[in-house]
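Residue-level structure breakdown
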Amino acid sequence: MTSPTLEVTALCKSFGSVRANHDVTFSVDAGELLCLFGENGAGKSTLSACLTGLYRPDSGEIALEGTPLRLSSAADAIRHGIGLVHQHFVLVPDFTVLENIVVGSETGLFVDFASAEARLRQICESYGIDIDPNARVEDLSVGEQQWAELLKALYFDAKLLILDEPTATLDVEGSKKLFRIIDKLKADGVAIILITHFLEEVMQADRVAVLRQGAVVGIKKTAETSPEELTRMMVGRDLKRQTRQSTPMGTARLALESVTVEGLGERPDLDDISFCVHEGEIFGIAGVAGNGQRPLMEVIAGVRKPKSGIISLDDTVISSKGVHAIKSMGLGHIPEDRFAEGLVRDFSIEENLILGEHRGTFAKGGLLDFRKMAQNAKRLIAEFSIAAPSGETLVGNLSGGNAQRVILAREMQLASKVLLANQPTRGLDVGVIDYIHQCLFNKKAEGVAVVIASSELEDLIALCDRIGVLFQGRLMGIVDARKTNLEEIGLLMAGHALETAV
Amino acid sequence: MIEITRRQTVGYRARIVAYLLALVMGFACTSLLIWLSGASVMEGFSALFEGAFGSEEAMLQSLVAATPLIFTGLATVIAYRAEIWSIGQEGQMFAGAMSGYFASLYLGGAPMVVAVPVIILAAMIGGALLGMLCGWLKSRFAVNEIISTVMLNYVIVYFLSYLLAGGPWTAEGSTSYHQTALLADNFRLPLIVSDVKLHIGFLLAILATVLCWGILKFTPFGFEIRALGANPTALRFKGVNVARTILIVMAVSGALSALAGVSEIFGVNYRLKGDVLTGLGFTGIIVGMIGGLNPFGALIAALLFGALENGSLYMSVLSDIPPALVPAMQGILLLFFLSASVIVRYRVRIRRASYV
């Protein structure tokens, strides 16, 4: 029997006291698709970094086609035929696709662009990737950049291809196309490792290695397992899917009347939006990304000002107030981009938890009240199960899920009347998603008006009482989540008005 | 194989070792320069040391030279911690000295206990206003603070030139000296040690250091400064008026720079002229950076640079070493210190190429 394309034996990698990978053993054969499945922070990305020379393992062995490998750099990995498609793009925006692929990786003094371009075009054609090698990366859409990343790996004839969360930036069509390409690569004898936490994708693999807390907890053939079993293995316990509870709704709490927000161009970011959210109601916002979800949340929170229209909270007009004043009335806001808008990476958990309240609750006699800060952090870390050594841990060192829990802990406290959550579960694993949904339900039970924007339509239908659909800054309609279906919402999202809107 | 990994945390000991090494390497490079210039290295360094630390008087003189650098260094720390890259310490220092002088023109025969505080206050207001102008341009019109501060440096310095080169502030009969008349006694900063002109500005500088440290570490405003530097968007999302914070940071930074101008003019020279101030603002940037943007770090760096400045005077008199080597030496030290501050964050290990 021939050796597998990749064989990893007892690989360990720690960062300080954190064990990112512990005793990881698995193999991938030529023409096989292996999926690495695990929660955020389970060690998937560290493992891929070890396999592609970005990190050096502390111990253990990596063998490629039976030969032990010691990779010293990413370029070294490419030379050995290991390609990586990053979760975060590593493309130079000013360069063309071709330059990005060729420069820095070709040997020799001069680069033969003509032949490189011919080769690239040929790869594009054979895999059905429609991208102009001479287009500048900054002019490409996010989805197209993902293809450019993939091309980079294909260009070097990889024997082993590692795809780190490749579908995060692709739409449904793009994901299908990606799996068609994967099938072709498999037929060509390439071994592929797919890192993901989407169950649908996992089930398309040949085998699945489930990671939990840095260790492989099991390797299964997909034909012999089920999504439920895999989820159980990943989380380490059973998960019950949250569904809407029928709490009676009270009076209108948050109301928007003809709210218009100016955009950069001709089209306003929000165009004449009117709706209201009741006490104990979860109101969903659906829409293709960039159709006004962000301006809507920001204008309610006071981060942006409306050009016209009125927003009121419990009959008090808030559209003329500032962020701080609105927040003090009992509004919590979970922003879309947790590290860019919600947190200060270089600050500790303690400090992030008092952001915005540093002049109020947590100041005493003109100084910060460090004792209160520490107590507050200790309590919230326990209450929201934030996995961190202490309150002094820098937020930048936390995984996405734990970082989101920090924001959640801070904003849930403020949200005594209204909670805004913009894509609160994006990029998180089912364990955290489940937890966040539970938090939203708790708020609902307390009579808080909850507004949640999400790209996960199925979640919205399961969570919300009503769903408003945005298209190009306009509210296309509001549907009853109990009576609607994906098709109806899909049509609204594409800009088709419905007559039966509630 | 040489392996470089990032350290999780950097201990104080590692830092101190790194900075001491940087100091040694900096002096080694300077020795090379001195040797190339044909002078005697030993002679040069012993003169430098003699001038800086050789006697009680020399040491006190070094403190006098360090005083304005502490202020401009602190001005750098406050602005840069908020990631406002102001290069305006020089101009704000000039503005401070000029505002202080302007105030003194109206203070006539006021007693010292009134005149000096008023002069200091006027100077701080002048520096703060100039700083706020750049802060306002930044937050209102998104004018890059590096450009606005550098340009305003020129405006202020040339405005002083106009005032002194035959303009209204020129001392009678001394047009060619470009200076004001000697300040009256009641305008001069009180001296702690009169022989060497160690004035109360030095005590103010120490006080300012402690205050800056305390503000950054213990107050909500310091919290905002640090958050502004790390992520202004998150601050804005939590309802902090970022434009106002920028204005206040620039005002504080400008007021600190202004104090450097006051100490030099009202504490040491007793007349307003440009050339005694030139460069103290820019050196303050180096001091702040070498101090790791920490107020006490800046204090130590300022004391070192004050000693260098003071010793270099002695060195240029006693040896053949060209005085121009002193700024070169400061530059070399800056490079080594900045390198050390980056390198200390990494662990370099040499080991056999195997991890199995």
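Because the structure is a prediction, the values reported are computed rather than measured.

Turning our eyes to something else, we now look at the UniProt feature "transmembrane region" (unreviewed entry) in chain B. Residues and elements named next belong to chain B. Within the UniProt annotation, "transmembrane region" (unreviewed entry) is assigned to residues 16-38, 58-80, 101-126, 146-165, 198-216, 246-268, 280-305 and 325-344. The span residues 101-126 shows a helical share of 73% and a strand share of 0%, and its end C-alpha atoms are spaced 11 Å apart. The span residues 198-216 is 89% helical and 11% strand by assignment, and the distance between its end C-alpha atoms comes to 28 Å.

Right, let's get into the environment of Tyr158 of chain B. Mapped onto the elements, Tyr158 of chain B comes out in helix α6 (residues 145-164). Counting along the chain gives 116 residues from Tyr158 of chain B to Gly274 of chain B, while the straight-line C-alpha distance between them is 9.5 Å.

On to the domain arrangement of chain A, then. Residue and element names in this part refer to chain A. Each assigned domain of chain A is listed here: domain 1 (1-81 + 157-235), domain 2 (91-156) and domain 3 (254-494). Taking the mean C-alpha position of each, domain 1 and domain 3 sit 34 Å from one another. Here domain 1 packs against domain 3, burying approximately 550 Å² in sum over the two surfaces, 57% of which is carbon and sulfur. Per-residue buried area on domain 1 facing domain 3 is highest for Glu39, Asn40 and His197; these three make up 66% of the total on that side. Here domain 1 is connected to domain 3 by 0 salt bridges. Between domain 1 and domain 3 we count 0 residue pairs in polar contact (both at pLDDT 80 or more) in total. Grouping the constituent residues of the side of domain 1 that touches domain 3 by class yields 2 nonpolar, 4 polar and 1 charged.

Attention shifts here to the sheet that holds strand β13 (residues 282-286) of chain A. All names here are of chain A. Taken together, the 6 strands give an open sheet; going across it, the order is β16-β19-β20-β13-β21-β22, and neighbouring strands pair in mixed fashion. Pairing within the sheet leaves two strands with one partner each, and these edge strands are β16 (331-334) and β22 (474-480). Between one strand axis and the next, the sheet turns through 15 degrees on average, direction left out of account. Alignment of β13 against strand β21 (residues 466-471), held across 4 bridges, turns out to be parallel. When the sheet's bridge partners are listed, Gly284 is paired in β21 with Ile467. The strands touched by helix α14 (residues 400-414) within the sheet are β16 and β19 (418-422), with β16 carrying the most contacts at an inclination of about 165 degrees. Each of β13, β19 and β20 (449-453) is contacted by helix α15 (residues 430-445), which is oriented at about 150 degrees to β20, the strand it contacts most.

The full count for this structure, using the stated rule, is 16 aromatic pairs over all chains. Seen in terms of ring centroids, Phe347 of chain A and Phe223 of chain B are 5.2 Å apart; in terms of plane orientation they differ by 55 degrees. Their pairing is tilted. Highlighted residues: Phe347 of chain A in the loop between α11 (338-342) and α12 (349-354) and Phe223 of chain B in helix α8 (residues 220-230), drawn from two different chains. Side by side, Phe347 of chain A and Phe223 of chain B carry an identical accessibility label, which is buried. A ring pair is formed by Tyr19 of chain B and Phe337 of chain B, whose centres lie 5.5 Å apart and whose planes are at 45 degrees; its orientation type is tilted. Highlighted residues: Tyr19 of chain B in helix α1 (residues 12-36) and Phe337 of chain B in helix α13 (residues 325-343), separated in sequence by 318 residues. Overall, Tyr19 of chain B belongs to the partly exposed group, its relative accessible area being 21%. These aromatic residues form a ring-pair network of at least three members: Phe370 of chain A together with Trp213, Phe218 and Phe296 of chain B.

Here, UniProt's "domain: ABC transporter" (unreviewed entry) annotation points to residues 6-238 and 254-497 of chain A. This span, residues 254-497 of chain A, is 35% helix and 25% strand, and a straight line between its end C-alpha atoms measures 24 Å.

All names here are of chain B. With their axes 8 Å apart at the nearest point, helix α7 (residues 200-218) and helix α12 (residues 295-318) run at an angle of 150 degrees to one another. In this view, α7 runs roughly antiparallel relative to α12, as classed from their interaxial angle. Two secondary-structure elements touch here, α7 through Phe202, Ile206, Thr209, Val210, Cys212, Trp213 and Leu216 and α12 through Pro295, Phe296, Leu299 and Leu303. Of the residues belonging to the contact of α7 with α12, the class tally is 10 nonpolar, 1 polar and no charged.

This part takes up the pairing of strand β9 (residues 207-212) of chain A. All names here are of chain A. Across the 6 residues that make up β9, a large majority, 5, are buried. Direction of pairing for strand β3 (residues 33-38) relative to β9: parallel, over a ladder of 5 bridges. Directly across from Leu34, in β9, lies its bridge partner Arg207. Across 6 bridges, β9 lies against strand β10 (residues 215-221) in antiparallel orientation.

About the cut-offs
Residues numbered from 1 in each chain as written. Chains lettered and ligands numbered in written order. Predicted model: local features only at pLDDT ≥ 70, side-chain atom pairs only at ≥ 80, totals over all residues. Heavy atoms only, no water. UniProt positions renumbered as here; feature names shortened; annotations may be inferred. Helix = DSSP H or I, 4+ residues; strand = E, 2+ residues; numbered from the N terminus. Domains from an automatic or database assignment. Buried area = accessible area lost by both parts, 1.4 Å probe. Salt bridge = Lys/Arg side-chain N within 4 Å of Asp/Glu carboxyl O. Polar contact = N/O pair within 3.5 Å; in protein donor to acceptor, adjacent residues only side chain to side chain. Nonpolar A, V, L, I, M, F, W, Y, C, P; charged D, E, K, R; others polar. Pairing = 2+ DSSP bridges. Axes fitted to C-alpha atoms, helices over the stretch in contact; angles between N-to-C directions. Contact = heavy atoms within 4.5 Å. Phe/Tyr/Trp six-rings, centres within 6.5 Å; stacked < 30°, edge-to-face > 60°. Buried < 20%, exposed > 50% of the residue type's maximum accessible area, 1.4 Å probe, protein only. Parallel < 35°, antiparallel > 145°, perpendicular 65-115°, else oblique.

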